Structure formats: C-alpha cells, structure tokens
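Chain residues, written in single-letter form:
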Amino acid sequence: MNTAEFLTISSAIVPDRTALADQNNHIAYFELQSNVNKLANAFQDLGVGKGANVGVMAVNSPDFVEIYYAAATVGATLVPLNFRAKTEEITHMVNEADIATLFIAERYWPIYEEVKDSIDGVENVIGIDFTPPECESIADIRSGAEDIPVFVDIDDGDPTLLIYTSGTTSLPKGVVLSYQALTALVVNTQSPADPTVDQEVVLVAVPFYHIAGATTMMSTIFSGRRLAILPQFTPEGWLQMVQDEKVTHAFLVPTMLKRIMEVENFSSYDLSSLRLITYGAAPMPYEVVRQAVDVFPPQGVDLMNAYGQTEATGSMTFLSPEDHRLDGTEEQNELKLQRLRSVGRPMTDMDIAIKSPDGSILPDDQEGEICIRGDRVMKGYNKREDDTGATIHDGWLHTGDLGKIDVGGYLFITGRLKDMVIRGGENISTAEIENVLEDHDAISEAAVIGVKDTEWGEVVKAIVVLSTDNIKPSETDLTDYVKSRLASYKAPALYQWVDELPRNHLGKVLKNDLRDQYGQPTEGTIV
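Residues numbered from 1 in each chain as written. Predicted model: local features only at pLDDT ≥ 70, side-chain atom pairs only at ≥ 80, totals over all residues. Heavy atoms only, no water.

1. Quick notes on the overall build of the chain
Going by this rule: Secondary structure elements follow DSSP: runs of H or I no shorter than four residues count as helices, runs of E no shorter than two count as strands, and numbering proceeds from the N terminus. Radius of gyration here uses only the C-alpha atoms, and the compact-globule reference equals 2.2 Å multiplied by the residue count raised to the power 0.38. Categorising residues by exposure relies on relative accessible area from a 1.4 Å probe, with only protein chains included: less than 20% of the type maximum marks a residue as buried, more than 50% marks it as exposed, and the intermediate range marks it as partly exposed. In this analysis, two residues are considered to be in contact whenever any of their non-hydrogen atoms come within 4.5 Å of each other.
Broken down by element type, the chain carries 17 helices and 27 strands. Expected size for 527 residues packed as a compact globule is a radius of gyration near 24 Å; at 23 Å, the chain falls within 12% of this value. In terms of overall dimensions, the chain has a C-alpha envelope of 70 × 65 × 50 Å along the principal axes. Taking all 527 residues of the chain together, the buried fraction comes to 59%. In the chain, 70% of the contacts between residues at least 6 apart in sequence involve partners at least 24 apart.

Take a look at the structure:
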C-alpha cells in the first residue's frame, strides 16, 4: 500500500474536516489533497519520481506534510534532515542519500550556503517559506501545476522514508523504511477516518526528522484526525496550543513532559480536552513519571509510555494507561509502581525476545539483548551493508539494547550494547565525542558515558586524561571546543579528570567500570 493513500482515504471520507492546524492556518482534508496533487505533478515536471530522494531542512509545518505525501505519491523517498546537525553531518547526509531535490526554510539558508560547494547531485533547491536566490519556492512550483491525482505503481518494499540516526560510528546512519513498514505500523495501530465520531486532535511537537514525529503525522492523517503542528517546542507554546486547538492526544519526549509540569502557571491553562499523553524516545527518569502520574490521571488525562527505534519504524512496546493508574489495592499499586520503571509489553504486531550472545532466547528475568522481528523492521542502513548485516541476522533485528522481561511480559531496559547516550530524545554517539576530545592538544585520552538526569533523561559525561606537560583547560573551554565541531546538544555537560582510563587485557576501555565509578551526576558544567 502506498502511504499516500492514508491521505486519499481520509480526504474522501472526511473532506471538510480540518487536517492540519498551526498558529496561522487551518487546512481541510480536501485542501490538503489538492495541494498534494499539485505538488506531485510539479515533482513529475521536475523529474522527481521513483528512485529519487527528496530532502527537507525545516521545522514542522503544513508544507512539510505536503512534501511527504507528494513524494510518496510519485514513489520518491523523503529524507528529513536534522536541522540541528553540524555542517559536516549535513554534508554527509545529503551526499550519502543522493538528494537531488532539497526543500529548505529561510532560517537554514545560511547553512546551505556554507555546504553547497561540498555537496553533490542537488539539482533543485526550493524554498519553503521564501524564494531563494535564483530558485523557486514551494508556492511557485505548486501554483503552476495541475490539481489532478497522480498514480504511480510502487512495490510494498520500495523505500518511502530515509531517516538519519546517530550510530556507533562518527557520522549518522540512514535508516531505510519501506511503504510496507509504515503501513504495518499505521494500519495495525489506528482505525480509518470515521465521519460519525467527533474529530480528535493530535499535537505534534517532536520534529518530523525523528521517527516519532514522522509516524505521528502519518497515523493522524490516516485516522482522519486534526494534526496540530507546533514548529518548535516550548512548554508555554505547547500548553497554549492544547488550550486553543482543544488537543486530545499528544506525544512528548520526557524532557518536554518535565518542562511542561514545571511551568509556573501550569494550572491556569485549560487542558480539559486532553485525554492521552504518550511519552518516549528517551529514558524516562522515575521521579518524572512518578510526578506525571500524580498530575495527569487525576485530571482525566491518561499516560502511555512507548519504547521504539527508528530501525523498527517506531514503537515496539507500550506501557498502557491502566499501568499508570494507581487505583487498585496497595499490593496492586506497588506492582504498578515497580512496572513504571519498565517500557511495557510488546505491541501486537511485534515479536520481542531477549537473546544471549550465542543467539538463544533467554527465560523470564534474565538479562540479554533485546531483539525484535515483524513487518516493520527496516530494509537496512543506507549504503552500509556490513552495519545492516550486523544488526539484522537470524531473522531478528538486534537492537543493541540490554533488557529483561518479567513474568507478566513487561520489558525492562537495563543498558545498551551500542554505546549511546539519549539526551532529550536525541541519540548521541559517544565515539564521535571521544574522537573530538582526543583531537584537543591538552587531552590524551577520553571516554564518554551517559549519566541519568531529571531534565534530559541522560546527559553526556566525559572522563578525560590530561596530556603530559599540558595545562588543564577549563570545562567551559572544552565545551566550546566540542560545540565548534559537533551539534551543541552533543557537548559534555559534565567532566571528570583522571590519571588513566581502566582497560582490559586487550586494551579496551572498561566503560562499565567508568559507569560504576562516575555514573552519578556530579557538579559540572550543565549545558
């Protein structure tokens, strides 16, 4: 099934209902379909079709939604680019993805100007909210195109989305997702549009370059709901949009949820329409979810936790609203409190197993690697056959996460094989930070770990060894140095100076020893 049909079906069933809403516009389903028709025809006029990759560098907007559905319509693959990435990372993504058509917002035009001589193959540059020099805008190409449906034959296994996510290497890896994978997620978790029920409103504040943002957009359109779009998250802006648009459902990363509850005049906003908050994409500190349980369910707002990966097209398990309600006996509530530390049970279309290093499936309560299988598993990593083969084998996708499943089927994450830090929903490769730090003249060795943090879920901590005969730099100077080389959110928040790093007999740094000794947040430079 072509995912463009998510919109085609809903625009036929509920054409007059609002499909998209932001702070400036309300767009009905029939209008959205008309805009997508025009853009799809414009794509064909530009030579964009099957096998083409369309990049977008912009915050969430109605235009972003239209670009995805137009690309899907003609069989092209959308590549949403992380606008927070550094120029080296953007150059890598654009070149590796073979992006031929690039949509860009005005605020990111200076980045394009900086990298344009380093990128190959971009034939069409199109402005989203402006007209770039010697280029056209999306309004220009749409206005000159016909409003007639476009039909292109696609195979279920064809790629429709290429999302870059940080890996264990120094540069992001592209996860290739097929029409089948996204259709399996949406159709198995959502009901089609129904004109006989009141329309629900879903608020998306997570960027569309994140799998949670992309799948929220697709699920909302298929179900005929209204997608309320917050271009960039602020807690006050989120609360205001819930109030103004009568939002019923929302997805948040833990950092967002914490900041919302900390708003000084939180109780002054009208959240009476809100029925469900789903949170995920990063570790949820227990004290934050415990606070949320006290704040939201008593107001009639359910909570649900979702654990997923880009490689699995999003959510793999969920901790249900019932698991968040402390309305049972003392014994029942105590069990629920314990399971608030879990990520819930597998979704119905996913098989999950805990496997030992030899590949055998482990029994309940034994720790091993979390492995999954199902129709939503990625096609692979773009142009990285070795990485794909190391991740998908024996019929299972190996997540790199460690965990165990209790007797009730609840999955508890206990660590990561892939050495990553997840800060505010963003995956951060420790290797790339270590490489940058070790390039500094004053540092001979560096090891990076994640430490728990109530604000971000995790923050980056660097354990560093001073080079011989060098003056120790200030932590502020080190942070500025890392920010000059990498995206700012990847810079360490905490530092620990040591004489040497612990290593095994093969010379490998013993990260577990470092976590045991330095894994608790300490006084440092929080950024």
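2. Concerning the packing of aromatic side chains
Applicable threshold: Only Phe, Tyr and Trp rings take part, Trp by its six-membered ring, and two of them pair if their centres are within 6.5 Å. Stacked means planes under 30 degrees apart, edge-to-face means over 60, and tilted covers everything else. Placement of a positive charge over a ring is assigned whenever Lys NZ or Arg CZ falls within 6 Å of the ring centre and within 35 degrees of the normal to the ring plane.
Counted by the stated rule, this structure contains nine aromatic pairs. Judged by centre distance (5.5 Å) and plane angle (65°), the rings of Phe-6 and Phe-222 are edge-to-face. Of this pair, Phe-6 sits in helix α1 (residues 5-13) while Phe-222 is found in helix α8 (residues 211-222), placing the two residues 216 residues apart along the sequence. Classification of Phe-6 by relative accessible area gives buried; the value is 0%. Note that Arg-341 overlies the ring of Tyr-286, its terminal NZ or CZ placed 3.7 Å from the centroid.

3. Points about the sheet that holds strand β10 (residues 201-204)
Two strands in a sheet stick together by hydrogen bonds in their backbones, pointing the same way (parallel) or opposite ways (antiparallel). Let me state the cut-off plainly: A pair of strands is labelled paired if DSSP reports no fewer than 2 bridges between them.
Strand order in the open sheet formed by nine strands is β2-β1-β11-β10-β12-β13-β14-β15-β16, with mixed pairing between adjacent strands. In this open sheet, the two edge strands, each paired with only one partner strand, are β2 (26-28) and β16 (345-346). Where strand β1 (residues 18-21) lies against β2, three bridges are found, and the strand directions are antiparallel. Of the residues in β2, the one forming a bridge with Ala-21 is His-26.

4. Some details on unusual backbone geometry
With a phi angle near 55°, Asp-98 is a residue other than glycine that sits in the positive phi range. Along the polypeptide, Asp-98 turns up in the loop between α4 (87-96) and β5 (99-104).

5. As for the sheet that holds strand β25 (residues 443-453)
This is how it is decided: Interaxial angles span 0 to 180 degrees and are taken between N-to-C directions of axes, which are lines fitted to C-alpha atoms, for helices over the stretch in contact.
Taken in spatial order, the three strands of this open sheet run β25-β26-β27, and their pairing is mixed. Looking along the sheet, the strands with just one partner apiece sit at the ends: β25 and β27 (494-498). Strand-to-strand twist across the sheet, computed as the mean angle between neighbouring axes with direction ignored, equals 25°. Bridge analysis of strand β26 (residues 457-466) against β27 gives five bridges, and the strand direction is parallel. Each residue of the ladder has a partner; that of Ile-463, found in β27, is Gln-496. Packed onto the sheet, helix α17 (residues 511-518) meets β25, β26 and β27 and runs at close to 60° relative to β25.

6. A word on the confidence of the model for the chain
Short version of the rule: pLDDT: the predictor's confidence for each residue, scored from 0 to 100.
Averaged over the chain, the pLDDT score is 93; the fraction of residues at 70 or greater is 97%. Here residues 523-527 is modelled with pLDDT under 50, and outside its nearest four sequence neighbours on either side it reaches 17 contacts, counting other chains as well.

7. So, the pattern of salt bridges
Basically, it comes down to this: By convention in these notes, a salt bridge is any Lys or Arg side-chain nitrogen within 4 Å of a carboxyl oxygen on Asp or Glu.
For the structure shown, the criterion picks out 27 salt bridges. Of the charged contacts, one joins Glu-66 and Arg-142 as a salt bridge, the two residues approaching to 2.5 Å between their closest N and O atoms. Of this pair, Glu-66 sits in helix α3 (residues 62-74) while Arg-142 sits in helix α6 (residues 138-143), and the two are 76 residues apart along the sequence. For the pair Glu-66 and Arg-142, a shared accessibility class is recorded, and that class is buried.

8. Quick word on the nonpolar core
How we decide: Here, the term nonpolar core denotes a set of buried Ala, Val, Leu, Ile, Met, Phe, Trp, Tyr and Cys residues that are joined through side-chain atoms within 4.5 Å.
If you look at the biggest cluster of nonpolar residues, it comprises 98 residues, and the most contacted ones within it are Phe-43, Ile-67, Tyr-69 and Phe-103. Beyond its immediate sequence surroundings of up to four residues, Phe-43 is in contact with Val-48, Val-54, Ile-67, Ala-70, Ala-71, Val-74 and Phe-103. Counting 40 residues, the second largest nonpolar core, distinct from the first, contains Ala-205, Ala-212, Ala-250 and Leu-340.

9. What to know about the packing of α1 against helix α2 (residues 29-46)
Keep this limit in mind: Geometric relationships in this document are graded by angle, where less than 35 degrees denotes roughly parallel, more than 145 denotes roughly antiparallel, 65 to 115 denotes roughly perpendicular, and other angles denote oblique. Note on convention: near helix rotated counterclockwise from far helix by under a right angle means a left-handed crossing. Clockwise means right-handed. Amino acids are sorted into nonpolar (Ala, Val, Leu, Ile, Met, Phe, Trp, Tyr, Cys and Pro), charged (Asp, Glu, Lys and Arg) and polar (every other residue, Gly among them).
Put simply, α1 and α2 touch, their axes get as near as 8 Å, and they point 140° apart. For the element pair α1 / α2, the angle class is oblique. Judged by the twist between their axes, the crossing of α1 over α2 is left-handed. Note on element contacts: α2 touches α1 through Tyr-29, Leu-32, Gln-33 and Val-36, opposite Leu-7, Thr-8, Ser-10 and Ser-11. Taken together, the residues of the contact of α1 with α2 break down into four nonpolar, four polar and no charged.

10. Examining α1
The line we're drawing: Within this analysis, the arc is defined by the directions that extend from the helix axis to the C-beta atoms.
Buried within α1 are the following residues: Phe-6, Leu-7, Ser-10 and Ser-11. When α1 is viewed along its axis, its buried side chains cluster within an angular range of 115° and face the same direction. Buried residues along α1 sit against α2, α3, α7 (179-189) and α8.

11. Comments concerning the packing of α1 against α8
Put simply, α1 and α8 touch, their axes get as near as 8 Å, and they point 30° apart. By the criterion of interaxial angle, the relationship of α1 to α8 is roughly parallel. On the side of α1, the interface is formed by Phe-6, Leu-7, Ile-9 and Ser-10, while α8 contributes Met-218, Ile-221 and Phe-222. In terms of residue class, the contact of α1 with α8 is made up of six nonpolar, one polar and no charged.

12. A closer look at helix α9 (residues 235-245)
Buried residues of α9: Pro-235, Trp-238, Leu-239, Met-241, Val-242 and Glu-245, and no others. Buried residues of α9, seen end-on, are gathered within an arc of 160° and therefore sit on one face of the element. Positive phi appears at Lys-246, one or two residues downstream of α9, with a value of about 55°.

13. Comments concerning the layout of surface pockets
For the record, the criterion: In this analysis, the protein atoms alone were mapped onto a 1 Å grid. Cavities are point sets where a 1.4 Å probe fits without being able to get out; pockets are open sets with protein on both sides within 12 Å along at least five of seven lines; lining residues have an atom within 4 Å of a point. Grid points are joined across faces, edges and corners, and a volume is the space filled by probe spheres set on the points.
As a volume, the second largest pocket reaches approximately 510 Å³. Together, 23 residues line the second largest pocket, and Arg-84, Pro-207, Phe-233, Met-256 and Glu-426 are the ones closest to its centre. In terms of residue count, the dominant contributor to the lining of the second largest pocket is helix α10 (residues 254-261) (three residues). In the lining of the second largest pocket, the residues fall into 12 nonpolar, six polar and five charged.

14. Brief notes about the pairing of β26
Judged by how many residues are buried, β26 sits mostly within the fold: nine of 10 residues are covered. The antiparallel pairing of β25 with β26 creates a hairpin that spans three residues between the two strands.

15. Quick word on the environment of Ser-268
Inspection of the secondary structure puts Ser-268 in the loop between α10 and β13 (276-280). A sequence separation of 29 residues divides Ser-268 from Leu-239, and the C-alpha atoms of the two residues are 9.8 Å apart.

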